[in-house]
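Observations on the model geometry
This is what each chain is made of:
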Amino acid sequence: MAAAVLTIGAAPASPDWRALDPTQTLVIDTSKGRIVVEMAPALAPLAVARVKQLAREGVYDGLLFHRVIEGFVDQTGNPNNHDGGTSAHPDLPAEFSTRVPAEALTTVVSRSDGIEGFVGSVPVAGVSASEQKLGGDHRPRVWGAYCDGVAGMGRQAGIDTANSEIFFMRAPARRLDHDYAVWGRVVQGLEVVRAIKVGEPPADPDRMTRVRLAADLPAAEQPRLLVADTAGPAFRAQAVRLKAQAGAGFSVCDLKIGVRQP
């Protein structure tokens, strides 16, 4: 893949690539390396706003990955470094599904019982096209699909209890769909997510050393990358090829988001 040297926010090199919005990009420096997350306010605006707020307040700096399960998740974000901890801010209402403008959705699977596709880099599932036409609001109703690299909000037993805990998927776990708010996806550093030390809790846990919004970083510290545009012709063609190869077992999680970097 050819290299491209563009700062976040620069113009894309072609219709198949796009630059990330630095105001919606989270940069997480960890004891294992850097993770870059494209946030998804179209899916969970309150969760995205909370993550930004806590990052800007420095709450996430130094917090441990307190529960890490191989083939599943990396959990962090609780100020007490244990399950059940919260920030000083109130809990958030559930954001498990939403309606998005039709032009924001790239559909790659359409079945009688539902659809799968992407909103930006984030994989989603949703109601079938026929169901979308029911009622007065024809915008597609979707929810985040828990593929590898997806970032979710942790919560307690109650659905309206998301607060500060966040987690990153080491591998797909679609049983979480429609049950936890999806606020973004790792676009760079999935290998870091998978390298975080495992344990409940880990014997020697890794940590988030610094968490910042890309827009708040000096230009020299901002990631330089382009991300594959899921609405672009090359990505759509890739989806067609993979669907033909996989057949009925094809899932949105089979599609990976390419990244170009210096």
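Residues numbered from 1 in each chain as written. Predicted model: local features only at pLDDT ≥ 70, side-chain atom pairs only at ≥ 80, totals over all residues. Heavy atoms only, no water.

**Section: the nonpolar core**
The cut-off we apply is this: Put simply, a nonpolar core is a bunch of buried Ala, Val, Leu, Ile, Met, Phe, Trp, Tyr and Cys residues held in one set by side-chain atoms that sit within 4.5 Å of each other. Summary of the burial criterion: residues with accessible area below 20% of their type's maximum are buried, those above 50% are exposed, and those between are partly exposed, where the area comes from a 1.4 Å probe applied to protein chains only. Comment: elements are numbered from the N terminus, with helices defined as DSSP H or I runs of at least four residues and strands as E runs of at least two. The contact rule is simple, with two residues in contact once any of their heavy atoms fall within 4.5 Å.
Residues Leu-43, Val-108 and Met-169 are the most contacted members of the largest nonpolar core, which totals 40 residues. Those elements giving two or more residues to this core turn out to be strand E7 (106-111), strand E8 (114-119), strand E9 (122-126), strand E12 (166-169), strand E13 (182-188), strand E15 (226-228) and helix H4 (233-246). Filtering out sequence-adjacent residues up to four positions away, Met-169 remains in contact with Phe-72, Val-73, Tyr-146, Cys-147, Asp-148, Gly-149, Val-150, Leu-176, Leu-190 and Val-193. Ala-47, Leu-54, Met-153 and Met-208 belong to the second-largest nonpolar core, a separate cluster that totals 30 residues.

**A look at the packing of aromatic side chains**
Inclusion rule: Working definition: rings of Phe, Tyr and Trp (its six-membered ring) pair if their centres are within 6.5 Å, and the pair is stacked with planes under 30 degrees apart, edge-to-face with planes over 60 apart, and tilted otherwise.
Applying the stated criterion across every chain yields a total of four aromatic pairs. Ring geometry for Tyr-146 against Phe-167: centres 5.7 Å apart, planes inclined by 20°, an arrangement best described as stacked. Here the residue Tyr-146 occupies a position in the loop between strand E10 (141-144) and strand E11 (150-153), and Phe-167 occupies one in strand E12, the gap between them amounting to 21 residues. Residue classification places Tyr-146 among the buried residues on the basis of a relative accessible area of 0%.

**Describing helix H1 (residues 45-57)**
Owing to its 3.6 residues per turn, the α-helix aligns residues three or four sequence positions apart on the same side. The line we're drawing: The span one expects for a helix is its residue count, reduced by one, times 1.5 Å.
End to end, H1 covers 18 Å across 13 residues, agreeing with the expected 18 Å (1.5 Å per residue, within 8%). Looking at H1, one finds that the buried residues are Ala-47, Val-48, Arg-50, Val-51, Lys-52, Leu-54 and Ala-55. Looking at the buried residues of H1, the elements they touch are strand E2 (25-30), strand E3 (33-39), E11, E12, E13 and strand E14 (208-213). Two residues or fewer after H1 comes Gly-58, characterised by a positive phi angle close to 80°.

**Looking at unusual backbone geometry**
The omega angle of the peptide bond from Glu-200 to Pro-201 is 0°, so this bond is cis rather than trans. Mapped onto the elements of the fold, Pro-201 is located in the loop between helix H3 (190-195) and E14. Backbone geometry at Asn-81 places phi at a positive 60°, although glycine is not the residue there. Following the sequence through the fold, Asn-81 ends up in the loop between strand E5 (73-76) and strand E6 (98-99). By relative accessible area, which is 22% here, Asn-81 ends up partly exposed.

**Topic: the sheet that holds strand E1 (residues 17-18)**
Quick note on the threshold: Only when DSSP finds a minimum of two bridges between them are two strands counted as paired.
Ordered in space as E1-E15-E16, the three strands form an open sheet in which the pairing is antiparallel. Two strands lie at the open edges of the sheet, namely E1 and strand E16 (259-260), each paired on one side alone. In terms of strand pairing, E15 meets E16 through two bridges, oriented antiparallel. Counterpart to Leu-226 in the pairing with E16 is Arg-260.

**Quick word on the confidence of the model for the chain**
Heads up, the condition is: Scored between 0 and 100, pLDDT is the confidence that the predictor attaches to each residue.
Of all residues in the chain, 93% attain a pLDDT of 70 or more, and the chain-wide mean is 92. Long-range and interchain partners of residues 1-7, a stretch whose pLDDT sits below 50, account for 19 contacts in this model, where long-range means more than four residues apart.

**Quick notes on the pairing of E5**
Neither face of E5 is left uncovered, since the one carrying Val-73 and Gln-75 and the one carrying Asp-74 and Thr-76 both have all their residues buried. Looking at chain direction, strand E4 (residues 67-68) and E5 are connected through two bridges and run antiparallel. From the neighbouring strand, Val-68 faces E5, where its bridge partner is Asp-74. With four bridges joining them, E5 and E12 adopt antiparallel strand pairing. Within the sheet, the bridge partner assigned to Gln-75 lies in E12 and is Phe-167.

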